[in-house]
Amino acid sequence: MMLHRLSGVRALTARVRRFTERRGGWPRWAALLALAWALPFGAHAVGADPLSLLVVYLGTASLLRAGGALLDRLVFAAVLLCGAAIAAGLVFSVWPWGLAPAPIAACGTTALVAVAFATGRRPSLPLRVRWPDAVAAASGLAAAATLWWPTHGLGFRKSLPYMLAVGQGDRMRHFMLFDAIQQVGGYGFLHVGQARTIALPGMESNYPSGMHFLYALGDFFARSTTDTGPSTAQFHHYYLFAIAGYAFFVLCTVWACRWVAGPIVNERLRTLACVGVGAYLCTGALMAQFWNESDAEILGLAFFAVLVAVIARPPLPAGDHALLVGALVVALVSVYSLFAVPAALCIAVGAYGYRTRLRRHLRGYLGVGLAALPFVLVPVVVPRLIGTLDVGNHLLLPGPIVRMQRRFLVALGIAAVIGLSWRRTRRSTAYRVMFGQLVAATAALAVFWAYQIVSVGRTLYYFEKALHAWAVLCLVGIAPVMLRLRRDPVPDPRRTRRGRRAVVAAGTALAAVAFVGAVHWGKPEYSGERPGPDMNWGTVWASRSITYPYPLTMRSMDVLNFAGYTGDGVPTISLLSDDPWRNVDASNLLAMLNHQYGTLQKTLGKLAAVTDLAPGTAKRPAPTGAAEPEGPLSERAVASLRRVHNLLAGSPVPLRVVVWDPSVERELRAFAAKRPELGVTVVRVDRLGKPI
């Protein structure tokens, strides 16, 4: 009879009651749940949303059990939250609160309470910090300081040549997608109509937007508001997040090197390997990807490094490992989907290498895999449903990129193979799996190389990107080669002074730094898109030698900035230069800062055919361009004016035209008077941007 009465709902209620009593009772959990909602909204009320984010971050790290050191937990918590935020962004993009920090933080704190209730775990953080972990943190800080240095203390206009150093517009397009996510309150592909007026049309659905979403959400938390503020400040915020992304990549890669090395490599040798990897990432060719404006690739490489590490040496318990792999795959594919293929191959190698562990916890791994699969498919399916991406042709696109030295890559690969394949390391499952990942990634890279060679006869832009992932894989697995070094005898403290050991350790670390080329001599030099002799990329960048390659565009931006036209919300075209492409560049920058690039893209592209409209005079040369004698407009200038008339008539919105030449001003004012329905405004400025 009792069993009959406790069947169905009553039995479930009784089980929940007993479960809750073992966890501490309902009052305690109700109070924690109330606090989980009160804290984020209270913090938001006083403008302290970063505190809410910090609570969620440290709470996640304290509830994980994977990793025995502080940095392990912090890295795992960071990648887990990134993957969860990218997946949850699909909900945040359509719910009523958009990307408001308080409700999102409340969801995070509520999830922490739910996890603690369901698992019985209590917050616990290991405080152990190893020497290699200190090296990883120091490397990340050094990378951030190096990248930040050229722009520190400068205003927006003086920082712009460094923020757009490559001059090809990639960071502009990344910022526009970041801006679109902030303006519409979620992913652009879920708000296509609005996003296409702000960003490059098609990018909102064709390009993976995980990085842009994370940075947009992080910016709202950092400023405790969803008001984007002035667009010039907004662009600078994005640039700071790009710097933080590279620093995070350096930290993750150095940490992954230490994690894969494990206890087989002693602490001194692990530290030495981490010093070399960190020094290279702070000064080597991979740092050039920052001013190549490869922001999404950099963050994707960070997730790839951590994924490779946790596949090679799975942390305990298995449930945490499954969650980490699932979150990392979601984050990686959503940030930079080019790395999806090597990631899938690495997972397959890990599944085979740890097949016994996988069979033992098959339900958990399958459950996480099935839960993550829809989010992994989003960046793959969306471009085919609402986008126009042709993957085959896209992989054959050319582009500006710094090629990594092949000699260095060959040496790096040989060192990684020697360390992972010799007799002493083959006995370790972690090293065997790491070696298998390296072999699988090399095979995938060879296939990609063959595809580009057969298709176009040479390697192109995306092959170099894939090569970066292979280089990171080698850096993560480089530490076991240190075992080839002859072991020194255990020092006798009675005979060896502590100071002498410290000197030897410092000298060894300095040798590692010098070995990877991180030491430089003489005055920084930069020519032919390469550092000079005895220079490195970090030194050259910090010396402010790498800057925007088109000074005429920056001169136009000077004038427009002095006039107050940058980010004022008025659709504007610039005719201040006698080089038509510099007028295109300046007008594109204005459209980006006015959140109108998608609306004006086709119109601004027509400026490339408009020439000879900024001659100036011999005594008062134009702001940008060569001075010419004052006089009537040339035939080419008259033809260009007709093109401007057509451009203004075909614009989807009324335009403001900023000119320098008085004759051009008179002609355009006459046209504006004839066509008042177009709403055209003509402004002539002097060298300081003052309207005349």
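Throughout this description, residue numbers start from 1 for each chain and increase along the sequence as written. Reporting of local features is limited, given that this is a predicted model, to residues whose pLDDT is at least 70; pairs of side-chain atoms are given and counted only at 80 or more, and all residues count toward the totals for whole chains, interfaces and linings. For side-chain calculations, the full set of non-hydrogen atoms in the structure is used, while hydrogens and water are omitted.

**Some points on the confidence of the model for the protein chain**
Line of reasoning, step 1. Of all residues in the protein chain, 85% attain a pLDDT of 70 or more, and the chain-wide mean is 85.
Line of reasoning, step 2. Of all secondary-structure elements in the protein chain, the lowest mean pLDDT belongs to helix H1 (residues 2-5), at 40, while helix H16 (residues 295-312) reaches the highest, 96.
Line of reasoning, step 3. Confidence over residues 1-7 falls short of pLDDT 50; this stretch has two contacts with residues more than four positions distant or in other chains. For every residue, the predictor reports its confidence as pLDDT, a number between 0 and 100. Here a strand is any run of E in DSSP of at least two residues, a helix any run of H or I of at least four, and the numbering for each starts at the N terminus. Residues count as neighbours in contact if any of their non-hydrogen atoms are within 4.5 Å of one another.

**A closer look at the pattern of salt bridges**
Line of reasoning, step 1. Basic side-chain nitrogens of Lys or Arg form a salt bridge, by our definition, when they fall within 4 Å of a carboxyl oxygen of Asp or Glu. Tallied over the full model, the rule gives 19 salt bridges.
Line of reasoning, step 2. Residue Arg270 is joined to Glu267 by a salt bridge in which the shortest nitrogen-to-oxygen separation is 3.3 Å. Of the two residues, Arg270 and Glu267 are both situated in helix H14 (residues 267-283); the distance of three residues between them amounts to about one turn of the helix.
Line of reasoning, step 3. Exposure remark for Arg270: the relative accessible area of 10% places this residue in the buried category.
Line of reasoning, step 4. A salt bridge links Lys465 to Glu297; its shortest N-O distance comes to 3.0 Å. A residue pair is termed long-range when its members are at least 10 positions apart, and Lys465 in helix H25 (residues 461-476) and Glu297 in helix H16 qualify at 168 residues.
Line of reasoning, step 5. The rule is simple: take the accessible area with a 1.4 Å probe, protein chains only, and divide by the maximum for that residue type; under 20% is buried, over 50% is exposed, in between is partly exposed. A relative accessible area of 1% places Lys465 in the buried class.
Line of reasoning, step 6. When salt bridges with common partners are traced through the structure, they connect Asp72, Arg130, Asp133 and Arg258 into a single cluster.

**Some remarks on the sheet that holds strand S4 (residues 656-659)**
Line of reasoning, step 1. Between any two strands, at least two bridges found by DSSP are needed for them to pair. Strand order in the open sheet formed by three strands is S3-S4-S5, with parallel pairing between adjacent strands. Sheet topology places strand S3 (572-575) and strand S5 (681-684) at the edges, where each strand pairs with a single neighbour. Sheet twist, expressed as the average angle between the axes of neighbouring strands with direction ignored, equals 20°.
Line of reasoning, step 2. Note that S3 and S4 share four bridges and pair parallel. Within S4, the residue paired with Ser574 across the bridge is Val658.
Line of reasoning, step 3. Note on method: axes are straight lines fitted to C-alpha atoms, helices fitted across the in-contact stretch only, with angles between N-to-C directions ranging 0 to 180 degrees. Strands S3, S4 and S5 of the sheet are contacted by helix H32 (residues 662-674), whose axis makes an angle of about 165° with S5.

**Focus: the layout of surface pockets**
Left-over empty space is what a probe sized like a water molecule reveals as it rolls over the atoms.
Line of reasoning, step 1. Considering only enclosed or pocket space, the second largest pocket measures out at about 1,300 Å³ in volume.
Line of reasoning, step 2. Taken together, 48 residues line the second largest pocket, and the ones lying closest to its centre are Tyr336, Leu338, His394, Leu395 and Tyr462.
Line of reasoning, step 3. At the level of elements, helix H9 (170-184), helix H11 (203-206), H16, helix H18 (340-353), helix H20 (362-385), helix H21 (391-394), helix H24 (429-456) and H25 are the ones that each hand at least two residues to the lining of the second largest pocket.
Line of reasoning, step 4. Polarity classes work like this: nonpolar for Ala, Val, Leu, Ile, Met, Phe, Trp, Tyr, Cys and Pro, charged for Asp, Glu, Lys and Arg, and polar for all others, with Gly in that last group. Counted by class, the lining of the second largest pocket contains 33 nonpolar, nine polar and six charged residues. Two kinds of site are reported from a 1 Å grid over the protein atoms alone, namely cavities, where a 1.4 Å probe fits but cannot get out, and pockets, open sets with protein on both sides within 12 Å along at least five of seven lines, and residues are called lining when an atom falls within 4 Å of a point. Grid points are joined across faces, edges and corners, and a volume is the space filled by probe spheres set on the points.

**Concerning empty space enclosed by the protein**
Line of reasoning, step 1. Using the criterion set out here, one finds one cavity of 30 Å³ or more in the structure.
Line of reasoning, step 2. Estimates place the volume of the largest cavity at around 150 Å³.
Line of reasoning, step 3. Looking at the lining of the largest cavity element by element, the count peaks at five residues for H20.
Line of reasoning, step 4. Grouping the constituent residues of the lining of the largest cavity by class yields eleven nonpolar, five polar and one charged.

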